[in-house]
Amino acid sequence: RDQGVDVGRSWLHLRYDLRLNLSDWFSLRGRAEQDVNRGTLRDLSVSATFSGALLPGAFRDLQATLGYREIYTDRLKVEAINWGVTWKLTPAWGIALEQQYDFFSGEFLRHSGRLIRYFQGFAFEVSVSNDPQQDDTSVSFSVAPVFDAARDPFLGDRRAQLYPN
């Protein structure tokens, strides 16, 4: 009740995220956001990531991502394709480039680039992104944990790691 008037309960949006690591070199990911109040889907994205695990030399640490995204609002529908490349150039340095293109407007929605410096157990990242629709460019700095493949909680046999013989 709000000032004596019955008001419908307002819920937050539900977010779904499913990732399937199908092999060492290929994974699929689906994400969605649902407006519980209206019972409608607000955001849907599907992507495929290809890793250079089967490639020789420096290309082993190359990842390419291709995705499709739909965004629904009251006034606007966006159907976009996005692509990106992440490459760990050396054990200490990496770069990432991404773009997103909207089919309806025929314009780019986002450009971004990252420079990553890896340390033992964490990474320092400088990101530059541009939103041509809003004529906005931003720069950010972040620190994030880094897991090697043997300790990554999302890869490998997690049960064996938690309950060793």
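What counts, and at which threshold
- Residues numbered from 1 in each chain as written.
- Predicted model: local features only at pLDDT ≥ 70, side-chain atom pairs only at ≥ 80, totals over all residues.
- Heavy atoms only, no water.
- Helix = DSSP H or I, 4+ residues; strand = E, 2+ residues; numbered from the N terminus.
- Buried < 20%, exposed > 50% of the residue type's maximum accessible area, 1.4 Å probe, protein only.
- Phe/Tyr/Trp six-rings, centres within 6.5 Å; stacked < 30°, edge-to-face > 60°.
- Contact = heavy atoms within 4.5 Å.

J.: Give a detailed account of the environment of Tyr-118, specifying residues and quantitative values.
T.: As for its placement among the helices and strands, Tyr-118 is situated in strand S7 (residues 107-118). A relative accessible area of 16% means that Tyr-118 is categorised as buried. Separated by 30 residues in sequence, Tyr-118 and Lys-88 place their C-alpha atoms 9.2 Å apart.

J.: Summarise unusual backbone geometry; cite the residues concerned and give the values.
T.: A negative phi angle is the norm for most residues apart from glycine, just as the trans form is the norm for most peptide bonds. Positioned with a positive phi, Asp-135 is a non-glycine residue whose angle comes to about 50 degrees. Position of Asp-135 relative to the elements: it lies in the loop between strand S8 (122-131) and strand S9 (136-145). Overall, the relative accessible area of 71% leaves Asp-135 in the exposed class.

J.: Tell me about the packing of aromatic side chains, residues and numbers included.
T.: Across all of its chains, the model carries eight aromatic pairs by this definition. Judged by centre distance (6.0 Å) and plane angle (90 degrees), the rings of Tyr-101 and Phe-103 are edge-to-face. When its relative accessible area of 23% is taken as the criterion, Tyr-101 is described as partly exposed. The partly exposed category is assigned to Phe-103, whose relative accessible area is 48%.

J.: Provide a residue-level description of the side chain of Ser-47, including the pertinent values.
T.: Inspection of the secondary structure assignment puts Ser-47 in strand S3 (residues 40-51). Apart from the residues within four sequence positions on either side, Ser-47 is in contact with Ser-27, Leu-28, Arg-29, Thr-65, Leu-66 and Gly-67.

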